[in-house]
Amino acid sequence: MADAETRLAEVKARVAAAVARAGRDPAEVALVAVSKTFGVDAIAPVLAAGQREFGENRVQEAEGKWPPLKARHPDLRLHLIGPLQTNKAREAVALFDAIHTVDRDKLAGVLAKETARQGRSPTLFVEVNAGKEPQKAGVAPEQAAAFVTRCRDVHKLSIEGLMCIPPFADDPVPHFEMLRDLGAALGLKSLSMGMSADYEAAILHGATHVRVGSAIFGARD
Ligand SMILES: *Cc1c(COP(=O)(O)O)cnc(C)c1O
């Protein structure tokens, strides 16, 4: 099997090809390398290859591996892509440069307090439960507009974009289109969508952040 550096180069080439096919500006699309479950040994070659945006889904796991790497690479950007409990919001605001999973008022309120207290403003995305799956996080699509408005007006939080994880068994394209239309209607500039299996399709439908794990790091246990 190819090493992570080779796989990263291939993913970057496919991202660039999809961006070109979509007639979009390459600067509009960020590749977030999802390193969850992988240790520093696996991350090091990807960092050495120049990758600077990484995604993690657990605050505690990220705290265990990223602080020394962030100290060594000040241009590194860390994205929280997993659910955030309010009792971990303080640590999340301190460590992450972007949080993709804002999905309820209680969390928005705590994030507002922490960003003010720490003087740090991670880029925020509202997670939309595109397939309305009961076990999944995110606001229902029809409640997204009201929630984004409450984030701005009640919690004084600036929301940059929307994020979704389409149902595993579905064709993701209608979900990508729904998120794109919702983002456009709300005047939001960023869309976090697309994973290893569908990041090219996501780019064709407007993704600004693709979250790619196994296609770069290999299969997770
Ligand atoms: C794990 C994860 C990814 C990456 O998944 P791959 O299929 O390995 O690319 C993307 N987004 C979220 C929210 C994840 O939890």
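Residues numbered from 1 in each chain as written. Predicted model: local features only at pLDDT ≥ 70, side-chain atom pairs only at ≥ 80, totals over all residues. Heavy atoms only, no water.

Next up on the list: the overall build of the chain. Counting secondary structure elements, the chain contains nine helices and eight strands. Relative to the compact-globule value of 17 Å for 221 residues, the chain shows a C-alpha radius of gyration of 17 Å, a close match. Expressed along its principal axes, the backbone C-alpha trace of the chain runs to roughly 50 × 40 × 30 Å. Taken across its 221 residues, the chain has 51% of its residues classed as buried. For the chain, contacts bridging at least 24 residues in sequence account for 59% of all contacts bridging at least 6. In the form shown here, the chain has an accessible surface area of approximately 10200 Å², with 53% of it arising from carbon and sulfur atoms. (Helix = DSSP H or I, 4+ residues; strand = E, 2+ residues; numbered from the N terminus. Rg over C-alpha atoms; globule rule 2.2 N^0.38 Å. Buried < 20%, exposed > 50% of the residue type's maximum accessible area, 1.4 Å probe, protein only. Contact = heavy atoms within 4.5 Å. Areas by Shrake-Rupley, 256 points an atom, 1.4 Å probe, with all protein chains shown as cover.)

So, about the site of the ligand. Every residue lining the ligand is accounted for by V34, K36, I81, M163, I165, M195, S196, R211, V212, G213, S214 and R220. Between an oxygen atom of the ligand and a main-chain N or O atom of S214, the distance comes to 2.8 Å. Surface burial for the ligand is 90%, taken as the share of its 390 Å² of free accessible area covered by protein chains. Taken together, the residues that form the shell around the ligand break down as six nonpolar, three polar and three charged. (Near = heavy atom within 4 Å. Polar contact = N/O pair within 3.5 Å; in protein donor to acceptor, adjacent residues only side chain to side chain. Nonpolar A, V, L, I, M, F, W, Y, C, P; charged D, E, K, R; others polar.)

Let us now look at the nonpolar core. Nonpolar side chains in soluble globular proteins tend to be buried together. Ranked by internal contacts, the top residues of the largest apolar core, which has 61 residues, are F54, W66, F96, I99, L111, L162 and I216. Ranked by residues supplied to this core, first place goes to helix 1 (residues 4-21) with six residues. Each residue touching F96, except ones within four places of it in the same chain, is listed here: E56, V59, A62, L78, H79, L80, R120 and P122. (Core = buried A, V, L, I, M, F, W, Y, C linked by side-chain atoms within 4.5 Å.)

Here the focus is the side chain of D103. Here D103 shows up in the loop between strand 4 (98-102) and helix 5 (105-118). The class for D103 is buried, based on a relative accessible area of 14%. In this structure the side chain of D103 is engaged in a polar contact, spanning 2.8 Å, whose partner is the side chain of R104. When neighbours within four sequence positions are excluded, D103 is seen to be in contact with E127, A137, G138, V139 and F147.

Here we take up helix 1. Compared with the 26 Å implied by 1.5 Å per residue over 18 residues, the 25 Å span of helix 1 between its first and last C-alpha is a close match. Among all positions in helix 1, only A4, R7, L8, V11, V15, A18 and V19 are buried. The arc that holds every buried residue of helix 1, seen down its axis, measures 110°, which confines them to one face. For helix 1, the exposed residues set more than 90 degrees away from the buried face come down to A20 and R21. Lining the buried residues of helix 1 we find strand 1 (30-34), helix 2 (40-48), helix 8 (199-204), strand 8 (209-212) and helix 9 (214-217). Positive backbone phi, at 65°, marks G23, one or two positions downstream of helix 1. (Expected span 1.5 Å × (residues − 1). Arc of directions from axis to C-beta.)

On to the side chain of Q51, then. Looking at the element boundaries, Q51 is found in the loop between helix 2 and strand 2 (53-56). Exposure remark for Q51: the relative accessible area of 5% places this residue in the buried category. There is a polar contact of 2.8 Å between the side chain of Q51 and the backbone oxygen of L31. Sequence-distant contacts of Q51, defined by excluding residues within four places in its chain, comprise L8, L31, V32, A33 and V46.

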